[in-house]
Each structure stands twice: as structure tokens, then as C-alpha cells.
Amino acid sequence: MPQKEIIFNFFKPKFKINNYLIIIFLLTVSSTFVCLFFLGNHSLIAHDELIYANRANLIIQSGDWFTPFSEPHHKFAGSYWLTALSLMSFGQNEFAARLPSYILSLATLYVFYCLNKDLINQEIARFSTLILSTSFLWFSYSHYCSPDIFFVFINILSVYYLSKINSSSNIQRNYKYIFISACLFSFGFFIRTYFELLPLICFSPFIIHKLNFSNKKYVLIFCLGLLAGFVPSLINLLLAFIKYGDQGYLRLFSHFSQKVLEEENPLEGFLFYPRNVFLFNLPVIVFIINGVFSIFKSKEKEIKLLFLICPSLALVLLMLTASTYTHYLLFIIPWISTLIAFGIFDSLSLNNTFNKLVLNIYSFLYFLLGFSLSLISLSSLFFEIQILDINIIGKVIVLIFGIVFLYFAFKIYKNSKNEKKFIYIIKISFSQILLFSFLFASGIIGNPNNEFKKFINNNNIDKSKVYAIENKIDDKNKRILSFYLKNYINYDLNNFLSNDESINLYLLKSQLKEIDDRNFLRYEKIGNYKDLYLIKLYTN
């Protein structure tokens, strides 16, 4: 869209809002990066993060980058490549496991900024990236060991190259953009397997629109690009077929059916996905109605297709599935951030009753947040009600954040000048990101297994020693032990023979009785975490 079509005229001419946004964004980048270094407070989440980290370790240990698994796998190996490369470079720790997502989140923000700037204008581009950074879902997965941010990056980059196609520009350049875009789209299958179908379906109206020129070679180039980008997936399929037989590819399709159609009750996602879009984007989500109407009034077809039709299609498709996975929404969040940015500008540009109501709701929600944070910290400081497991300095910092939110919410509510309200919205958004960074660095969010991690590390002093993990330990605890133990073996207590050497064994508390019942076995308790014990097991 030409920049002259969308003009936000509530700023004073001398007011350098763009420079202000640049400074805020740079501070955001630095604060969110620093919080990755607080390794003492970090622990990987037992389900997805440790699954990806342990499978990446398996690739490193086996040297097989396509089929390192002992049985047919339900995903292409591309899901684990970046994590494996990072672990090889920086060691087996949380920082290395989570670094690829953070770097790719910055790359995604930059590409998304460029896309918004080219199609809309610079103000929307800068503000939408700030809004995207304030989403709790986006912040979490930007600091999360998973391929989801890589998946979003690949698809937004595909759209960006496709958006650069112009019927009046150099035809050879158009061919290059089409080929690269198609390659990236199909490479997404190597990253997220069947889930790449979602963006392909949702972006199909935009793809058809961009390829609908008189030059019929565009479609051919796009198809060739799809084939080229699918080569790594084809190699993975071929190697899986050689190693596992028919199950090498049948496992992929059965997993797709299970996750999308069979896993939960039919239409389980019908309320789950719209509800979570709302919750994970509070409080700025209140502006989305204004954003939808603002884009709907636009004369530019490309903007409607990308920022209105695409997220709407994605949300509807997810609602019609039997899945309930919050990270599936990550693909939609960037486009929603642009809708919200439009909505904020629209609310500040037109002084009508509805817009005033939306702004009041927004300020009230932040007032509630500030009041809640203040109440929690004061209760911890003066009444010893321990809601937050942090030290006194941390509680004071939370109190400061609470006061800041209360102050900004009051200023937005009382100030009559729209340019001032906009500045306070920027400040409150930046404060929210700082709060996320502090809570993450403190281990309050994103680190639920920190005590378990400390138990493992405190009793794993001799790194050369091989530890054993009893098979009856549940999968969640096995994943945590597998990542944090440098050397380990899986072990069945029933196979311990009278002539075996002593071993350091992790097992369940209930299994200690089994040892007591065997006359030839003795053990020394080294430590325990809840019902999980570490013992030294040996024969009499």
C-alpha cells in the first residue's frame, strides 16, 4: 500500500515518534536477551523442550541427522537440527537449547517489520513489532526450545519474498522471488511436517493473487520452487523407508490423523483457540475490532488478504480440528499484532464514544494488572504470604512494576491528548516486556522444574560417573534426568545380579521396598526429590 493512503495525523510535526520506537525496540531486544543468561534459575520444561533437546542430543551422539531414532519417527528431523547445532556449539545447557528460538524471533521481527513497512507504512511496521513482542505467547516461545519460531520465520519470509513480486518490475527478479518463496514454503515441511499445510492453505488466496499475472511461467517457477524446497523432506522419507520400511512414512500420516482429527473430542478446538488468542494477547487485544474495521476499509487487496483473510482462515481451521495445542496459535500472532496496531492508531485518530470505551477498557485492564502485582508483592513483603518464590529485592521490583502499570493506566485514562496517550501505550508495552524478562530471569515463568534440576546437579558432582535411570520412572522425569545427566544408562532393577558392580541409581521411593526384600542387595541413600530417590546400590 502506498504510504500516502494511511496517515495518522494526531502527532505534532516535530514529534519524532519513529526514533522513540527504535530506542524502545533496541531496549526490548537487549532486555529479553540478557534474561537468557540466568542459567541458575532456568530449567527446561519437561514435555516439549526436553523432548526436542534430548532428540537433538541423540542426533549429536549418533551422527545421523535424518534417522537417528531406533523406531519410525512421527516428524522430519529438521525439527531438531538447529537445537543440535547450538548444543554442539555452546554445550548441553538451557542457554544453548533456547538460543536458536531467540535469534530466529529477532529475525522474524525484522522480516515482519520489513513486510509491514513495504505494504503499509513505517509507523505501523515499528509499532506492530512492539505489540508482537508484548504477546506472552510470543515471548514464551522466543525463549523456548522448539522449532515453532523457526516455522513462523520461514513462512513470514516466504510471504515477504512473495509480496515483492510486481508486474511492472524486472521479470527475472520476479522469477527469483517466486522461486525462493516457494522453496521456503515447502522447506517448512522439513521443520514442522504436516503443520506446514496450515500456512499453505491460509496464504493460498495471497499466493493466487500474486501469481495471477499474464506471465504463465510464474506458476511453473512456483511449482519448481516447491519441489526444490521439499528435497530435504524427500531425503528424510527415503532414508526412513530404507531403515524402517513402510512405517517410515506411514508413521507420519498416522500422527497427523491422531493430532488433528482423533486426539480429543470432535471440535475440541472450537472454543479453545479463540479463547487463547484473546487471553494471550491481553490487554491490547481489545483494539482488534477497530483494527479489523480499519483494514476492511482499506482499498489495498494485498493488505486485506494478508492481515485479515489469512489469520481468519487459520483460526477457523484450527477451531474445526480436534486439537488443543496453544503453540499452534503462534503462526497467527504476528498478523494479529498488525491488526492491533491498526486498532490502536484508529482508536486514537477518531474521538468517538466506542473508541473512548476501548481505551478506557485498555487502561482499566492495566490498572488491574498493576493493582494485582502491587498486592502480591506487598503481601509477600509485609504479611509473609509467599505467592512469588523470589527474594526481597525481586519482590520490590515486582512492586515497582505494579506501581508503574498503575501510573501509566491512570495517565492514559486522564490524558486528553492523543499523542500523549500513544506515548504511554508505548511505555506500558515496553514495561510489560521488561516484566516478562524479569520473571523469566527469576525462574518464575518458563522454568517449572528448577528444584528438580538443582537436585540433579547437586548430586551429580562427578561428571565422569555413569548414572542409571530405572525404567519405572515416568517419562517426564526421565526426560529431565536424560538432559541434565552427562552420562547415564536406562536400567531395569529386576535385572540386577548378585555379581554386578555397585551403581548410582535413580528410582522411585516405592521401589526401595523391592531392594529390602532381596537379601543380597543393599543401598545407601544419596538424596531425594519428592518420591524420586538417588541411591548407591550394591551387593552384600
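Look a little higher up for the structure.
The present account deals with the structure reproduced in this document. (Residues numbered from 1 in each chain as written. Predicted model: local features only at pLDDT ≥ 70, side-chain atom pairs only at ≥ 80, totals over all residues. Heavy atoms only, no water.)

**Describing the packing of helix H15 (residues 301–319) against helix H16 (residues 333–349)**
The description of two helices packed together rests on the angle between their axes and the distance between the axes. We apply this condition: Fitted lines through C-alpha atoms serve as axes, helices being fitted only where they are in contact, and the angles separating the N-to-C directions of these axes extend from 0 to 180 degrees. Numbering goes from the N terminus for both helices and strands, where a helix is a DSSP run of H or I of at least four residues and a strand is a run of E of at least two. Here is the rule for angles: anything less than 35 degrees is roughly parallel, anything more than 145 is roughly antiparallel, 65 through 115 is roughly perpendicular, and the remaining ranges are oblique. Handedness of each helix crossing follows the sense of rotation of the near helix against the far helix: counterclockwise by less than a right angle gives left-handed, clockwise gives right-handed. Note on contacts: a residue pair is in contact if any heavy atoms of the two residues lie within 4.5 Å. Any residue that is not Ala, Val, Leu, Ile, Met, Phe, Trp, Tyr, Cys, Pro, Asp, Glu, Lys or Arg is counted as polar, Gly included; the first ten are nonpolar and the last four charged.
The contact between H15 and H16 brings their axes to 9 Å, and the two run at 130 degrees. The angle between H15 and H16 places the two elements in the oblique class. Here the hand of the crossing between H15 and H16 comes out left-handed. Taking contact as the criterion, the partners of Leu 306, Phe 307, Leu 308, Cys 310 and Pro 311 in H15 are, on H16, Trp 335, Thr 338 and Leu 339. Considered class by class, the residues forming the contact of H15 with H16 number seven nonpolar, one polar and no charged.

**A short note on the side chain of Asp 48**
Counted only if it meets this: Burial classes follow relative accessibility: with a 1.4 Å probe on protein chains only, a residue under 20% of its type's maximum area counts as buried, one over 50% as exposed, and anything between as partly exposed. Under the counting rule used here, the positive set is Lys and Arg, the negative set is Asp and Glu, and His together with the chain ends is not counted. The salt bridge criterion pairs a side-chain nitrogen of Lys or Arg with a carboxyl oxygen of Asp or Glu, the two atoms within 4 Å.
Relative to the helices and strands, Asp 48 is located in helix H2 (residues 48–62). Of the side chains bearing the opposite charge, Lys 75 lies closest to the buried Asp 48, which forms no salt bridge; the N-O distance is 6.4 Å. Each residue touching Asp 48, except ones within four places of it in the same chain, is listed here: Tyr 144, Cys 145 and His 327.

**Quick word on the layout of surface pockets**
Sizing a probe to match a water molecule and rolling it over the atoms shows the empty space that remains. Heads up, the condition is: Site definitions follow a grid-based scheme: protein atoms alone, a 1 Å grid, a 1.4 Å probe that fits but cannot get out for cavities, and for pockets an open set with protein on both sides within 12 Å along at least five of seven lines, plus lining residues having an atom within 4 Å of a point. Grid points are joined across faces, edges and corners, and a volume is the space filled by probe spheres set on the points.
Within this model, the largest pocket holds a volume of roughly 850 Å³. In terms of lining residues, the largest pocket is bounded by 26 residues, among which Asn 54, Arg 55, Leu 58, Arg 479 and Tyr 488 are the most central. Mapped by element, the contributors of at least two residues to the lining of the largest pocket are H2, helix H21 (475–484) and strand E2 (488–491). It is H2 that contributes the most residues to the lining of the largest pocket, seven residues altogether. Split by residue class, the lining of the largest pocket holds nine nonpolar, ten polar and seven charged.

**Quick word on the pairing of strand E5 (residues 532–539)**
Applied cut-off: Strands were regarded as paired on the criterion that DSSP finds at least two bridges between them.
In terms of burial, E5 is largely enclosed, as seven of its eight residues are buried. Sheet topology places strand E4 (residues 521–529) next to E5; eight bridges connect them, and they run antiparallel. Each residue of the ladder has a partner; that of Gly 527, found in E5, is Leu 534. Between E4 and E5, which pair antiparallel one after the other, the connecting turn spans two residues, and Lys 530 there sits at a positive phi close to 55 degrees.

**A few points about the side chain of Asn 504**
Note on placement: Asn 504 falls in strand E3 (residues 503–508). Residue classification places Asn 504 among the buried residues on the basis of a relative accessible area of 9%. Residue contacts for Asn 504: discarding those within four places in its chain leaves Lys 465, Tyr 467, Ala 468, Ile 526, Leu 534, Ile 535 and Lys 536.

**Thoughts on the environment of Gly 269**
Take Gly 269: it is sitting in helix H13 (residues 269–280). Once the C-alpha coordinates of Gly 269 and Leu 339 are considered, the two residues, 70 residues apart in sequence, prove to be 23 Å apart. Ignoring sequence-local partners within four residues, the contact set of Gly 269 consists of Pro 274, Leu 318, Met 319, Thr 321, Ser 323 and Thr 324.

**As for the packing of aromatic side chains**
To keep things clear, this is the line we draw: Note on ring pairs: Phe, Tyr and Trp rings are taken, using the six-membered ring of Trp, and paired if centres are within 6.5 Å. Classes follow the plane angle, with under 30 degrees stacked, over 60 edge-to-face and the rest tilted. Charge-over-ring contacts are defined here by two conditions on Lys NZ or Arg CZ: a distance within 6 Å of the ring centre and an angle within 35 degrees of the ring normal.
Throughout the structure, instances matching the rule amount to 47 aromatic pairs. Between Phe 112 and Trp 335, the ring centres sit 5.4 Å apart and the planes meet at 85 degrees, which makes this aromatic pair edge-to-face. Within this pair, whereas Phe 112 is found in helix H4 (residues 94–119), its partner Trp 335 is found in helix H16, the two being separated by 223 residues in sequence. Ring pairs connect the aromatic residues Phe 112, Phe 151, Phe 185, Phe 195, Phe 203, Phe 307, Tyr 325, Tyr 328, Phe 331 and Trp 335, which therefore count as one cluster. The residue whose ring lies beneath Lys 304 is Phe 296, and the NZ or CZ to ring-centre distance is 5.6 Å.

**A few points about empty space enclosed by the protein**
Under the criterion given, the structure shown has four cavities of 30 Å³ or more. The computed volume of the largest cavity comes to approximately 110 Å³. As for the largest cavity, its lining consists of 14 residues, and the residues nearest its centre are Thr 28, Thr 32, Leu 109, Ser 133 and Trp 138. By residue class, the composition of the lining of the largest cavity is eight nonpolar, six polar and no charged.

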